[in-house]
Amino acid sequence: MSTILKGIAASNGIAIAKAYRLIEPDLSVEKKTIESTGDELARFKQAVEVSKTELQAIRDRAEKELGADKAAIFDAHLLVVSDPELLGPIEDKISSESINAEFALKETADMFVTMFEQMDNEYMKERASDIRDVTKRVLSHLLGVQIPNPSMVQEEVIIIAEDLTPSDTAQLNRQFVKGFTTDIGGRTSHSAIMARSMEIPAVVGTKEATASINNGDLVIVDGINGEVHINPTPEVVENYKKEFHAYNEQKAEWAKLVNEKSVSRDGHHVELAANIGTPKDLEGVINNGGEGVGLYRTEFLYMGRDQLPTEDEQFEAYKAVLEGMNGNPVVVRTLDIGGDKELPYLELPKEMNPFLGYRAIRLCLEEQDIFRTQLRALLRASQYGNLKIMFPMIATLGEFRQAKAILEEEKQKLVSEGMKVADKIELGIMVEIPSTAVMADTFAKEVDFFSIGTNDLIQYTMAADRMNERISYLYQPYNPAILRLVKMVIDAAHKEGKWAGMCGEMAGDEIAIPLLLGLGLDEFSMSATSILRARSLISKLSKAEMEELALSVLDLDTNDAVKEAVEKAVNK
Ligand code: PEP
Ligand code: MG
């Protein structure tokens, strides 16, 4: 029977494919007495052999598709699964205690994991995580359950998950993963943001995707209307195929604007830039006519690995982006870790409110080695293009001044070491905490630019967790409370002759764009895939008319009233 789930449209587009459940299987085990230790030993050896064959295949494919360094993880797993120091004690336990293989494996492996984790040595700690992974694999074979591995799928699928972390999302294979849907998450959770930049249609916050969808079900992800269809009728599939076709035709129309400037009907130019997470995203920026990079989320360089990136690794990434943008502006944001972006290897204590906690600039000002390494890499890369540096989560002027002073110190050190650093590097801040928006006039005297981070600014202003689908109605970018703050920030920048951009998701929103044009925003930074649509929209708008509209909506009372007013004005 066909079922429809409603969720939050997180990434535009339509995908039709078979479901692939990305759900951790239940691997809990119980102690059991067995009758034949010989049979049990044979069962254990068989599970080990299957795991070995499987790991070898994954290793070879990883080497081919992801490179030798990613394959090395599986080499380490292969060593563990063949290690007599681990296998011997498990087999002894099965024989001497007449217990089931699952329990003997779990108990022995846990003992080794605890031992390695307690060692004060990074290498040994990593071995603990290898043993944990291998144990999971062998256990899954003993229990007859499957461990999903989406980076290795070989057919077109739609991922079904309770939630996806940003690093899960980064590892999705773009060739085969056609869409995804999750039980939880909001429009500005980072997996949703990444789905947009990867152009993977997504619906998040469906509450019951994992409960309703089985492996192999035919699924339609409608990322335009926020719907997920499970085992749809042939008529529904046909209609969606037509819609998919119409959507592609519309995209082809927008694509004609790829080399055009972004100019309103009455000749006002704005800059349409892209948000990126890795140098790999540059291709999308160029293909979509991005006039710059308005936000490079550098934290993704630090994810999906087990140690901090070195100064040289970072230098190479920043240089690649600066060179790739050919002298066009590139705003690089310093490390913004925390909230939903975790770095397990930093081993930070769990917090009650991670979005309000020890994160981003707060962490960088404390863990200065990490911060200084990044700043040095950035300064060294600065000679390869038009670099602007931006600090995230600035709440006070003191934080900005401290961060700026550290940057200056590193610059002086590099210069005295004979290193070339660009003469002028603009230095700006994310305005994403209400205190900073309110104090924008003071900040504007000291910074070179602002970039308004509405994903956080809205969550902090409305006191509504951006990850929580239950309160997603409070993500209200058109609420006059938000628009008034945005206006304050833009006006404050202009009063001091500085520029103001926006890199939150609101900058690419069709209802917000007319208002932001009217409020005088200079730079709009969005998922690369939204740029051409935004350029087309702006070319149809008059800046003078939008100024009037923006001023008039500031006095309306609700998000919906503003939305209606914009729709009426723009579609008249
Ligand atoms: C924002 O908060 O609006 C922003 C652009 O940063 P992030 O989404 O990475 O928190
Ligand atoms: Mg933010």
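Keep in mind that what you see is a predicted model, and the values were worked out from it rather than measured. (Residues numbered from 1 in each chain as written. Chains lettered and ligands numbered in written order. Predicted model: local features only at pLDDT ≥ 70, side-chain atom pairs only at ≥ 80, totals over all residues. Heavy atoms only, no water.)

> Describe the overall build of the chain, naming the residues involved and giving the relevant values.
On a plain count of helices and strands, the chain comes out with 22 helices and 16 strands. Since a compact globule built from 572 residues should have a radius of gyration of about 25 Å, the 26 Å found for the chain is in line with a globular shape. A principal-axis box enclosing the C-alpha atoms of the chain has dimensions of 85 × 70 × 40 Å. For the chain, with 572 residues in total, the buried portion stands at 53%. Long-range pairs, those at least 24 residues apart, make up 70% of the contacts in the chain with a sequence separation of at least 6. Averaging the locations of the 63 positively and 93 negatively charged side chains of the chain gives two centres separated by 4 Å. (Helix = DSSP H or I, 4+ residues; strand = E, 2+ residues; numbered from the N terminus. Rg over C-alpha atoms; globule rule 2.2 N^0.38 Å. Buried < 20%, exposed > 50% of the residue type's maximum accessible area, 1.4 Å probe, protein only. Contact = heavy atoms within 4.5 Å. Lys, Arg positive; Asp, Glu negative; His and termini not counted. Charge placed at Lys NZ, Arg CZ, Asp CG, Glu CD.)

> Can you break down a nonpolar patch on the surface residue by residue, with the values?
A cluster of nonpolar side chains, Val438, Met439 and Met488, forms an exposed patch at the surface whose accessible area comes to about 250 Å². Structurally, valine 438 is set in helix H15 (residues 434-438). On the accessibility criterion, valine 438 (48% relative accessible area) is partly exposed. (Patch = residues over 30% accessible without salt bridge, like charges linked within 9 Å, V, L, I, M, F, W, Y side chains within 5 Å. Areas by Shrake-Rupley, 256 points an atom, 1.4 Å probe, with all protein chains shown as cover. Salt bridge = Lys/Arg side-chain N within 4 Å of Asp/Glu carboxyl O.)

> Residue-level account of the environment of proline 344, with values.
Residue placement: proline 344 occurs in the loop between strand S11 (329-333) and helix H12 (360-366). In this structure, the C-alpha to C-alpha distance between proline 344 and arginine 305, residues 39 residues apart in sequence, is 9.2 Å.

> Give a detailed account of the sheet that holds strand S13 (residues 426-431), specifying residues and quantitative values.
A barrel is described by the order of its strands in space; here 8 strands give the closed sequence S9-S10-S11-S12-S13-S14-S15-S16, paired in parallel fashion. Across the sheet, the mean angle from the axis of one strand to that of its neighbour is 25°, orientation sign disregarded. (Pairing = 2+ DSSP bridges. Axes fitted to C-alpha atoms, helices over the stretch in contact; angles between N-to-C directions.)

> Report on the coordination of the magnesium ion (ligand 2), specifying residues and quantitative values.
Taken together, the protein ligands of the magnesium ion (ligand 2) are Glu432 (OE) and Asp456 (OD), with distances of 2.0 to 2.1 Å. In this pair, glutamate 432 is assigned in the loop between S13 and H15 and aspartate 456 in helix H17 (residues 454-462), connecting sequence segments 24 residues apart. When its relative accessible area of 2% is taken as the criterion, glutamate 432 is described as buried. When its relative accessible area of 3% is taken as the criterion, aspartate 456 is described as buried. (Donors = N, O, S within 2.8 Å, 3.2 Å for Na, K, Ca; no water.)

> Can you lay out the nonpolar core for me, pointing to particular residues and giving the numbers?
Counting residues in each nonpolar core, the largest one holds 126 residues, and the members touching the most others are Ile159, Phe391 and Phe450. The element that contributes the greatest number of residues to this core is helix H18 (residues 480-495), accounting for 8 residues. For this core, the two domains that each supply at least three residues are domain 1 (3-23 + 150-251) and domain 3 (256-570). Those residues within four positions of phenylalanine 391 in sequence are excluded, and the remaining contacts are Thr334, Ile361, Phe371, Leu375, Phe400, Ala403, Lys404, Leu427, Gly428, Ile429 and Met430. Grouped together as the second largest cluster of nonpolar side chains are 34 residues, Phe74, Leu78, Leu105 and Ala109 included. (Core = buried A, V, L, I, M, F, W, Y, C linked by side-chain atoms within 4.5 Å. Domains from an automatic or database assignment.)

> Go over the domain arrangement of the chain, please, and point to the residues and values.
When the domains of the chain are assigned, the result is domain 1 (3-23 + 150-251), domain 2 (37-143) and domain 3 (256-570). Just the C-alpha atoms count here: the centres of domain 1 and domain 2 sit 33 Å apart.

> Provide a residue-level description of the packing of aromatic side chains, including the pertinent values.
Using the criterion set out here, one finds 6 aromatic pairs in the structure. Taking the centre distance of 4.5 Å and the plane angle of 5° together, the rings of phenylalanine 449 and tryptophan 499 count as stacked. With phenylalanine 449 in strand S14 (residues 449-452) and tryptophan 499 in strand S15 (residues 499-502), this pair connects stretches of sequence that are 50 residues apart. What links up through ring pairs into an aromatic cluster is the set Phe371, Phe391 and Phe400. One cation-aromatic arrangement involves lysine 319 over tyrosine 384; the distance from NZ or CZ to the ring centre is 4.9 Å. Directly above the aromatic system of phenylalanine 315 lies the positively charged group of arginine 380, at a separation of 4.3 Å from the ring centroid. (Phe/Tyr/Trp six-rings, centres within 6.5 Å; stacked < 30°, edge-to-face > 60°. Lys NZ or Arg CZ within 6 Å of the ring centre and 35° of its normal.)

> If you had to explain the sheet that holds strand S1 (residues 3-6) to someone new, which residues and values would you point to?
Strand-to-strand pairing in sheets goes through backbone hydrogen bonds, with the strands running parallel or antiparallel. Strand order in this open sheet of 8 strands is S1-S8-S7-S3-S4-S5-S6-S2, and the pairing throughout is mixed. Edge positions in the sheet fall to S1 and strand S2 (8-11), since each of these pairs with one other strand and no more. On average, each strand axis in the sheet is tilted by 30° relative to the strand beside it, whichever way the strands run. As defined by bridge partners, S2 adjoins strand S6 (residues 202-204) across 3 bridges and the pair is classed as antiparallel. Within S6, the residue paired with serine 11 across the bridge is alanine 202.

> Report on the pairing of strand S7 (residues 218-222), specifying residues and quantitative values.
Across the 5 residues of S7, 4 count as buried, placing the element largely inside the fold. For S7 and strand S8 (residues 227-230), the ladder comprises 4 bridges, and the chain directions are antiparallel. The partner of valine 221 across the bridge, within S8, is valine 228. Hairpin geometry of S7 and S8 is characterised by an intervening segment of 4 residues between the two adjacent antiparallel strands and by a positive phi of about 70° at glycine 226.

> Lay out the side chain of arginine 376 with the relevant residues and their values.
Within the secondary structure, arginine 376 sits in helix H13 (residues 368-381). You can call arginine 376 buried: its relative accessible area is 15%. Leaving out residues up to four positions away in the same chain, arginine 376 has contacts with Glu311, Glu410, Lys413, Leu414 and Glu417.

> Lay out the packing of helix H11 (residues 311-324) against H13 with the relevant residues and their values.
Packing of H11 against H13 brings their axes to within 8 Å, and their N-to-C directions diverge by 40°. In terms of orientation, H11 lies oblique with respect to H13. At the point where H11 passes H13, the crossing takes the right-handed sense. The residues of H13 that touch H11, namely those facing Glu311, Asp312, Gln314, Phe315, Tyr318, Lys319 and Leu322, are Thr373, Gln374, Arg376, Ala377, Leu378, Arg380 and Ala381. Per-class residue counts for the contact of H11 with H13 are 6 nonpolar, 3 polar and 5 charged. (Parallel < 35°, antiparallel > 145°, perpendicular 65-115°, else oblique. Left-handed = near helix turned anticlockwise from the far one by under 90°. Nonpolar A, V, L, I, M, F, W, Y, C, P; charged D, E, K, R; others polar.)

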